[in-house]
Amino acid sequence: MFKTYKATRQALDSKQVSCKDLVKYYLKNINDRNGELNAFLEVYDQEALQRAEAIDQKIAAGTAGKLAGLVVGIKDVLCYQDHSLQCASKILDNFKSQFNGTAVQRLLDADAIIIGRQNCDEFAMGSTTENSAFGVTRNAADTNRVPGGSSGGSAVAVQAEMCLASLGSDTGGSVRQPAAFCGLVGLKPTYSRISRYGLVAYASSFDCIGIFAHHVEDTALLLEVIAGYDEFDSTVSKEPVTAYSQNLQLKHTPKVCYIKETVENEGLSEEVKKATLQKINDLKAKGIAVEAVDFPLLKYILPTYYILTTAEASTNLSRYDGVRYGYRSPNTTDLVSLYKKTRSEGFGEEVKRRIMLGTFVLSASYYDAYFTKAQRVRRLIKEKTQEIFKQYDFIIMPVAPSVAPKIGEFSGNPLEMYLADIFSVQANVVGIPAIAVPNGTDQQGLPIGIQVMADYFQEEKMMAFAATLM
Ligand code: GLN
């Protein structure tokens, strides 16, 4: 079937296919493979078929929206009114969204078709989609391997053609890293570019909705539909949204750099390093200046990220108390045991670890030593990163230090898992946009990605450049 919305829309407009045909095609792939891959937690089959019929009529009448017939899946952290929402956690058992998140609403208003809710790491905490209360999602390129995380289900759904695009969330790489592991494009826009209204909070000063697609043009198209001002999110930007998908041509020859410490990193696998250096050489051969820069702060980015995100998470997740949402332990005797038992039984291990870490760094005796210090380091990392953009248009680097690991490879070793986020967290700590695009495969045919980062709100030129890397 079609790999871009443009091709899909041409076929729809010329009546080669109907929205109903498209939905049936994706539903068949879901039926055939979701049992094994576990990308979707819930499939809205009847609803999607009904919507397809309604949109087919709109197409016939010439009143169809910008994304008519675009079949999309959403990560289980996005609110879709009257649909279950669980963040892949037992603590939200039987919870249903009361409203549509802004991004979801804008998809619906543009006549996209939401086909289902996708698996992820519990509350988006993880890098492998193994921390889900509903089992691991498998990578379609090799089903013994993880798809990455935390938006693993959203990546695999696009990879295995169960939908054309997905919305995920990226707090520290959760869209870009699974995109890289599954051979897709994954976009994380500037912090505040897309409203977070209706995105369940993990670490509010880092969280971004992100987009998965096969090609950059579709991430651009979806971004221009869902981004922009929203009265329901006080942090969202008023910066105008341009027609990203119409402007994917570079206007000037860009100046590009890479951070020396990334390609020289000892954790970087040989094959990812080779692919990255190859890409750098290809760019140079095309006459683009690509220079190495030093960024000695690189090693402080990951600790800064994990201190601040766990602190924010411990606060955000305090709302799951057995009173207001979802699961309540049946074995309680009084209010304190209701809180304790509900939270002990409802949350998974990784989420509990992070709540404890976050509570620790925020505790009175350690607040300054950890939380305040990490805030200062965050500021420093921001300033140093912005200095780079005074001289260069883009920073390129690997997305992850290796290809997709085997299922279970990180089990019992959370630190190892955290270390794998080394290249993806900078964009979130700073708040700048970043995009992962495919960069070939290793000898076993496993996808490798490359990442482009740009200055605040430079999505348009970042995507134009990223499109040339594919
Ligand atoms: N792997 C990172 C973490 O566990 C990123 C997660 C994310 O972006 N949601 O925090």
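Preceding block: the structure.
A short tour of the structure in this document, coming up. What you see is a predicted model; the values in this text were computed from it and never measured.

Reading the values: the criteria
- Residues numbered from 1 in each chain as written.
- Predicted model: local features only at pLDDT ≥ 70, side-chain atom pairs only at ≥ 80, totals over all residues.
- Heavy atoms only, no water.
- Helix = DSSP H or I, 4+ residues; strand = E, 2+ residues; numbered from the N terminus.
- Rg over C-alpha atoms; globule rule 2.2 N^0.38 Å.
- Buried < 20%, exposed > 50% of the residue type's maximum accessible area, 1.4 Å probe, protein only.
- Contact = heavy atoms within 4.5 Å.
- Areas by Shrake-Rupley, 256 points an atom, 1.4 Å probe, with all protein chains shown as cover.
- Phe/Tyr/Trp six-rings, centres within 6.5 Å; stacked < 30°, edge-to-face > 60°.
- Lys NZ or Arg CZ within 6 Å of the ring centre and 35° of its normal.
- Salt bridge = Lys/Arg side-chain N within 4 Å of Asp/Glu carboxyl O.
- Near = heavy atom within 4 Å.
- Polar contact = N/O pair within 3.5 Å; in protein donor to acceptor, adjacent residues only side chain to side chain.
- Nonpolar A, V, L, I, M, F, W, Y, C, P; charged D, E, K, R; others polar.
- Patch = residues over 30% accessible without salt bridge, like charges linked within 9 Å, V, L, I, M, F, W, Y side chains within 5 Å.
- Pairing = 2+ DSSP bridges.
- Axes fitted to C-alpha atoms, helices over the stretch in contact; angles between N-to-C directions.
- Lys, Arg positive; Asp, Glu negative; His and termini not counted.

**Quick look at the overall build of the chain**
A tally of regular secondary structure across the chain gives 16 helices and eleven strands. Computed over its C-alpha atoms, the radius of gyration of the chain comes to 21 Å, within 12% of the 23 Å expected for a compact globule of 470 residues. Counting all 470 residues of the chain, 60% fall into the buried class. Excluding contacts between residues fewer than 6 apart, the proportion of contacts in the chain whose partners are at least 24 apart in sequence is 75%. For the chain, the exposed surface amounts to about 18,400 Å²; the carbon and sulfur share of it is 49%.

**Describing the packing of aromatic side chains**
What characterises a pair of aromatic rings is the spacing of the ring centres plus the angle enclosed by the ring planes. For the coordinates displayed, the defined rule picks out 17 aromatic pairs. Ring centres of Y25 and Y26 lie 5.3 Å apart, and the angle between their planes is 70°; on these two criteria the pair is classed as edge-to-face. Owing to a relative accessible area of 2%, Y26 belongs among the buried residues under this scheme. Measuring from ring centre to ring centre gives 4.6 Å for F394 and F465, while their planes differ by 5°; the resulting arrangement is stacked. Taken as a pair, F394 in strand 9 (residues 394-398) and F465 in helix 16 (residues 459-468) lie far apart in primary sequence, 71 residues in all. Across the pair, F465 and F394 agree in class, each one buried. Just above the ring of Y327 sits the side chain of K90; from NZ or CZ to the centre is 5.0 Å.

**Quick notes on the pattern of salt bridges**
For side chains bearing opposite charge, pairing can occur when the charged atoms are close. One pass over the full model with this rule turns up 20 salt bridges. D170 is the partner of R176 in a salt bridge, and the nearest nitrogen-oxygen pair spans 2.8 Å. Note on R176: relative accessible area 0%, which makes it buried. Taking relative accessible area as the criterion, D170 reaches 0% and is therefore assigned buried. A network of salt bridges, in which partner residues are shared, links E349, E350, R353 and R354.

**So, the site of the ligand**
In the vicinity of the ligand, 15 residues are found, and the nearest of them are T171, G172, S174, Y202 and Y305. Between the ligand and Y202, the relevant distance is 2.7 Å, taken from an oxygen atom to a side-chain nitrogen or oxygen of the residue. In isolation the ligand has 290 Å² of accessible area, and contact with the protein removes 100% of it. Class assignment of the residues belonging to the shell around the ligand gives a composition of five nonpolar, seven polar and three charged.

**Some thoughts on a nonpolar patch on the surface**
On the surface, V323, L335 and Y339 cluster together into a nonpolar patch covering about 270 Å² of accessible area. Its place among the elements puts V323 in the loop between helix 10 (298-316) and helix 11 (335-346). Judged by relative accessible area, V323 falls into the partly exposed class, the value being 45%.

**Remarks on the pairing of strand 7 (residues 255-259)**
The element strand 7 is largely enclosed, with a buried count of four among its five residues. Alignment of strand 7 against strand 8 (residues 289-293), held across five bridges, turns out to be parallel. In the strand pairing of strand 8, I259 is matched with V293. Of the strand pairs in this sheet, strand 7 and strand 9 are connected by three bridges, and their pairing is parallel. Note that in strand 9 the partner of V256 across the bridge is F394.

**Some words on the sheet that holds strand 7**
Strand pairing within a sheet occurs via backbone hydrogen bonds; the two strands may be parallel or antiparallel. In spatial order, the strands read 1-3-2-4-6-5-10-11-9-7-8; together these eleven strands make up an open sheet with mixed pairing. Each edge of the open sheet carries a strand with a single partner, namely strand 1 (40-43) and strand 8. Neighbour-to-neighbour, the strand axes of the sheet open up by a mean angle of 25°, direction not taken into account. Relative to strand 11 (residues 447-454), strand 10 (residues 434-441) is paired through six bridges, and the arrangement is antiparallel. Residue pairing for strand 11: A434 is matched across the bridge by M453. Strands in contact with helix 2 (residues 19-37) are strand 1, strand 2 (71-75) and strand 3 (113-118); relative to strand 3, the strand with the most contacts, it is inclined by about 15°.

**A short note on helix 7 (residues 216-226)**
Count 3.6 residues to each turn of an α-helix, and residues three or four apart come out pointing the same way. Of all eleven residues in helix 7, ten are buried, a share of seventy percent or more. Residues of helix 7 that are buried: V216, D218, T219, A220, L221, L222, L223, E224, V225 and I226. Where helix 7 terminates, the next one or two residues include G228, which has phi positive at roughly 115°.

**Here we look at the side chain of D230**
Structurally, D230 is set in the loop between helix 7 and strand 7. We note that D230 is buried and unpaired, the nearest opposite charge coming from R106 at a distance of 4.4 Å. A distance of 2.5 Å separates polar atoms of two side chains, one belonging to D230 and the other to S195. With sequence-adjacent residues up to four places away left out, D230 is seen in contact with T102, R106, S195, Y197 and V236.

**Quick word on the side chain of E350**
Along the chain, E350 falls in helix 12 (residues 349-362). For E350, the side chain forms a polar contact with the side chain of R353, separated by 2.3 Å.

So far we have only geometry, and geometry alone does not tell us how the molecule works.
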